[in-house]
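Fold and contact review
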Amino acid sequence: ETGVTQSPTHLIKTRGQQVTLRCSSQSGHNTVSWYQQALGQGPQFIFQYYREEENGRGNFPPRFSGLQFPNYSSELNVNALELDDSALYLCASTLDRGDEKLFFGSGTQLSVL
Amino acid sequence: GQSLEQPSEVTAVEGAIVQINCTYQTSGFYGLSWYQQHDGGAPTFLSYNALDGLEETGRFSSFLSRSDSYGYLLLQELQMKDSASYFCAVSGYSTLTFGKGTMLLVSP
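Let me sum up the structure you'll find in this document. Everything quoted here is computed from the prediction, not taken from an experiment.

Take the layout of surface pockets next. By volume, the largest pocket is sized at about 760 Å³. Surrounding the largest pocket, 33 residues form its lining, Gln 37 and Gly 40 of chain A together with Gln 37, Asp 39 and Ser 85 of chain B being those nearest its centre. Those elements giving two or more residues to the lining of the largest pocket turn out to be strand 9 (87-94) of chain A together with strand 1 (3-5), strand 9 (84-92) and strand 11 (102-107) of chain B. The biggest single contributor to the lining of the largest pocket is strand 11 of chain B, with four residues. Residue composition of the lining of the largest pocket, grouped by class: eleven nonpolar, 19 polar and three charged. What the second largest pocket holds in volume is close to 500 Å³. Surrounding the second largest pocket, 22 residues form its lining, Pro 43, Gln 44 and Phe 45 of chain A together with Thr 97 and Phe 98 of chain B being those nearest its centre. Broken down by secondary-structure element, the contributors of at least two residues to the lining of the second largest pocket are strand 4 (31-37) and strand 5 (44-50) of chain A together with strand 1 and strand 10 (95-98) of chain B. Counting residues per element, the lining of the second largest pocket draws most heavily on strand 10 of chain B, which supplies four residues.

As structure tokens, then:
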């Protein structure tokens, strides 16, 4: 049990819709990152937030956006959903920005039809 | 950019020792991490190497050679519960790039 929780666990959307995924970080962790994991692949880095500001971004288009709140919760928003967005979305928190030990949540399985 | 190579699958028997290799190409390197992920579960941190050499944590050890852009995870005294996917990951500045994972199957 990592103390990182994500909701919902499963979600079905249709192409073109928008989705918001939520994450509650482990208490005291000021850094959160989001990952997309396709079936049979490793997690792909989407972006990282540190103290409510985006601190790094992977190779994802601007329709992937995020927010981090003072209470250690965060959101991943995806606009104009595409079929290829179907994946497991993982959030991970760390105690501080330079900390290498990530604590992952169990993820949200998103299916886009 | 960054790319990592690791074997897609490894099989072993209970009690054996197995080594999972990882080679990487990166434009910026801070360190190499290893994560374990059971089917349907969250990735779990196993180890991190920033400097050359061997790090040991119980039955698991991890090695890094920065000059060879190479690392490995060594699992000893394998147990059935070790059947899972193992990912190496390279840390850059505010980024973490994962390999595609190695599925380890431990049989009785």
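This part is about the sheet that holds strand 8 (residues 73-78) of chain A. Whenever strands of a sheet pair, they do so through backbone hydrogen bonds, lying parallel or antiparallel. Residue and element names in this part refer to chain A. An order of 1-3-8-7 is seen for the four strands of this open sheet, with the pairing classed as antiparallel. Lying at the two open borders of the sheet, with one neighbouring strand each, are strand 1 (5-7) and strand 7 (64-68). Strand after strand, the sheet turns through a mean of 20 degrees between neighbouring axes, direction not considered. Bridging between strand 1 and strand 3 (residues 19-24) involves three bridges; their strand directions are antiparallel. Opposite Ser 7, over in strand 3, you have Arg 22 as the bridge partner.

Another aspect to go through is the pairing of strand 10 of chain B. Residues and elements named next belong to chain B. Examined bridge by bridge, strand 9 and strand 10 share four bridges and lie antiparallel to one another. Bridge pairing links Gly 92 to Thr 95 in strand 10. Between strand 9 and the antiparallel strand that follows it, strand 10, lie two residues; Ser 94 among them carries a positive phi value of about 55 degrees.

Counting residues in hydrophobic clusters, the biggest one holds 22 residues, and the most contacted among them are Leu 32, Trp 34, Leu 75, Tyr 86 and Leu 104 of chain B. Where this core is concerned, the elements lending two or more residues are strand 2 (9-13), strand 3 (18-25), strand 4 (31-37), strand 7 (60-65), strand 8 (70-75), strand 9 and strand 11 of chain B.

Residues and elements named next belong to chain B. The antiparallel open sheet is built from five strands, whose spatial order is 1-3-8-7-6. If you trace the sheet from one side to the other, it starts and ends with strand 1 and strand 6 (53-57), each paired once. Pairwise comparison of adjacent strand axes, ignoring direction, gives a mean angle of 20 degrees for this sheet.

To continue, consider the interface of chain B and chain A. Interfaces are often described in size by the accessible area the parts lose on coming together. Taken together, the contacts link 15 residues of chain B with 18 residues of chain A. Counting the surface lost from both chain B and chain A, the interface buries some 1,400 Å², and carbon and sulfur atoms represent 57% of this. At the boundary of chain B with chain A, the tally comes to zero salt bridges. At the boundary of chain B with chain A, the tally comes to four residue pairs in polar contact (both at pLDDT 80 or more). Looking at the side of chain B that touches chain A, the elements that each hand over two or more residues are strand 4, strand 5 (44-49), strand 9 and strand 10 of chain B. When the residues that make up the side of chain B that touches chain A are grouped by side-chain class, the tally is eight nonpolar, six polar and one charged.

Next up on the list: the state of the cysteines. Scanning the entire structure with this criterion turns up two disulfides over all chains. Note on cysteine connectivity: Cys 23 of chain A is disulfide-linked to Cys 91 of chain A, with sulfurs 1.9 Å apart. Between Cys 23 of chain A and Cys 91 of chain A, the S-S torsion sits near 70 degrees, and that sign places the bridge as right-handed. Separated by 68 residues along the polypeptide, Cys 23 of chain A in strand 3 and Cys 91 of chain A in strand 9 bring together distant segments of the chain. The pair formed by Cys 23 of chain A and Cys 91 of chain A is uniform in burial state, with each residue classed as buried. Residue Cys 22 of chain B pairs covalently with Cys 88 of chain B via a disulfide, S to S 2.1 Å. Negative torsions about the S-S bond denote left-handed disulfides, and the value of about 75 degrees found for Cys 22 of chain B with Cys 88 of chain B makes this one right-handed. With Cys 22 of chain B in strand 3 and Cys 88 of chain B in strand 9, this residue pair connects regions lying 66 residues apart in the sequence. Overall, Cys 22 of chain B belongs to the buried group, its relative accessible area being 0%.

What counts, and where the lines are drawn
- Residues numbered from 1 in each chain as written.
- Chains lettered and ligands numbered in written order.
- Predicted model: local features only at pLDDT ≥ 70, side-chain atom pairs only at ≥ 80, totals over all residues.
- Heavy atoms only, no water.
- 1 Å grid on protein atoms, 1.4 Å probe; cavity = no way out; pocket = protein on both sides within 12 Å on 5 of 7 lines; lining within 4 Å.
- Points joined across faces, edges and corners; volume = space filled by probe spheres on them.
- Helix = DSSP H or I, 4+ residues; strand = E, 2+ residues; numbered from the N terminus.
- Nonpolar A, V, L, I, M, F, W, Y, C, P; charged D, E, K, R; others polar.
- Pairing = 2+ DSSP bridges.
- Axes fitted to C-alpha atoms, helices over the stretch in contact; angles between N-to-C directions.
- Core = buried A, V, L, I, M, F, W, Y, C linked by side-chain atoms within 4.5 Å.
- Buried < 20%, exposed > 50% of the residue type's maximum accessible area, 1.4 Å probe, protein only.
- Contact = heavy atoms within 4.5 Å.
- Buried area = accessible area lost by both parts, 1.4 Å probe.
- Salt bridge = Lys/Arg side-chain N within 4 Å of Asp/Glu carboxyl O.
- Polar contact = N/O pair within 3.5 Å; in protein donor to acceptor, adjacent residues only side chain to side chain.
- Disulfide = S-S within 2.5 Å.

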